[in-house]
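Residue-level listing of the chains:
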Amino acid sequence: MTAPPPGWWQAPDGLWYPPPPPPRPPAFRPPVEAGPGPPRSVPAVPTPPGGWGQAQSKYGAVPQPPWRRLRWLLGVGVVAVVLMAGLAVAASQAAPSGRGVGQAGCAWHAQHAGPGTTADLYGVSFPDTQHGWAVGGIDKPVIRATTDGGLTWRSQDLSGTNGLASVSFVDDVHGWAAGVHNTLVATTDGGSSWTSEHPGIEHDGNIYGVWFVDRFHGWIVGQQGLLRVTADGGRSWSPQTAGTEQDLDQVRFSDPQHGWIVAGAGELFRTADGGTTWAPAYAANAKRSEAVAGASFLDSRHGWESGSEDSTDGEHHYGVVSQTDDGGATWKHRISTRFDDERFTAITFVDARQGWVAGYSGELYYTDNGGRSWASRPSPNDGEKVNEMVFRDATHGWAVGNAATIMACTPEP
């Protein structure tokens, strides 16, 4: 028989048993505070056994078993982990790199404008997910049209030597395009034929923007504060004024009453009465050479503007986005959306959370939190500036730019 381990003992029945456990340390009894009555003796605090520590209490040093110390350390560790996780979440919400931004409902890919053009494209309009038009050119008008969401684009004929800067369609047949030397043309058959309109402009210049909210109500803007309105589909035009003679680059209306104008000097103007009166809505920061390049409005209250500004030392450029929830009365300048050495151009929002903004060299950025943070998304663009974007819903969007650039954002197969 193998000898038992040291300390084991043999019972009368012949079986071996392990040694008894060591005696428990004496219970701690706190000193009795002085009070009325005869003094009472206080037993001395025993010396704690090996591995035990001491904790300070109002009664002095108290023996503390090792597991109590371990539990305290674990508690501190849990608190530290929770705090670090909270800081990480907060940082992701403010980070310009887009940490915390989810995947978009579509991915971008290049489309072909068709043979015969390398002209810059400045305007795009899609009244639905299938029918679209892109316009551009400098010394001659360029019009491209699609009836299959951009899978194929074909040329539409328009004579003349004037390029086009903007296009607006309200359905698949009624549309308008405008551009150089006050060119304004309209179609009622989807672009198979175009006719000239005469908005009654006295001086020569350029029309930079056209926008119709329905078949009857539309606006044009252009050089030297040019602003005209029609209520009969373009048969007649009436002058309006935004209170400035600077160039007006873009016009946007969410309904026949509420509209916005982007001015070349970095300002926005707004109206709530169909353009009868206009008021300043946003002024760029001149000290930082801020420029406003684009605007997008969902309704009469919710909108965004995109652009760029310089650093205080003038050494860097930042893309910026500002947002309003009260129709332009106040704006939130989204500092967290800055990107170093980047200039934002076109911007569009699908809803109150999902939006896209383009960079000067064709970069594309996406947000799903209303513009608080942005994430870069792959772009098929080969470094060409994006001039305008339009989305019909979260999974159908298009962008046009220089060198006949056309891109579409559609669900991945």
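Look up a bit, the structure's there.
Residues numbered from 1 in each chain as written. Predicted model: local features only at pLDDT ≥ 70, side-chain atom pairs only at ≥ 80, totals over all residues. Heavy atoms only, no water.

> I'd like a rundown of the packing of aromatic side chains, residues and numbers included.
For the structure on display, the rule yields 18 aromatic pairs. Taking 5.8 Å as the distance between ring centres and 80 degrees as the angle between the ring planes, the aromatic pair formed by tryptophan 108 and phenylalanine 391 counts as edge-to-face. Linking tryptophan 108 in strand β5 (residues 107–111) with phenylalanine 391 in strand β30 (residues 386–393), this pair joins segments that are 283 residues apart in sequence. As far as burial versus exposure is concerned, tryptophan 108 and phenylalanine 391 are alike and both buried. (Phe/Tyr/Trp six-rings, centres within 6.5 Å; stacked < 30°, edge-to-face > 60°. Helix = DSSP H or I, 4+ residues; strand = E, 2+ residues; numbered from the N terminus. Buried < 20%, exposed > 50% of the residue type's maximum accessible area, 1.4 Å probe, protein only.)

> Tell me about the sheet that holds strand β28 (residues 364–367), residues and numbers included.
Within the open sheet, the four strands sit side by side as β26-β27-β28-β29. Their pairing is antiparallel. Of all strands in the sheet, those with a lone pairing partner are β26 (344–349) and β29 (375–377), marking the two edges. Going across the sheet, the axis of each strand differs from the next one's by a mean of 30 degrees, ignoring polarity. Bridging between strand β27 (residues 355–359) and β28 involves four bridges; their strand directions are antiparallel. (Pairing = 2+ DSSP bridges. Axes fitted to C-alpha atoms, helices over the stretch in contact; angles between N-to-C directions.)

> Any details on the sheet that holds strand β20 (residues 267–271)? Residues and values, ideally.
Read from one edge to the other, the open sheet built from four strands follows the order β18-β19-β20-β21, with strand pairing classed as antiparallel. With partners counted over all chains shown, the strands left at the sheet margins are β18 (248–253) and β21 (279–283), one partner each. Across the sheet, the axes of successive neighbouring strands diverge by a mean angle of 25 degrees, strand direction being ignored. Strand direction decides the pairing type here: β18 and strand β19 (residues 259–263), joined by five bridges, are antiparallel. Looking across to β19, one finds that phenylalanine 253 is bridged to glycine 259.

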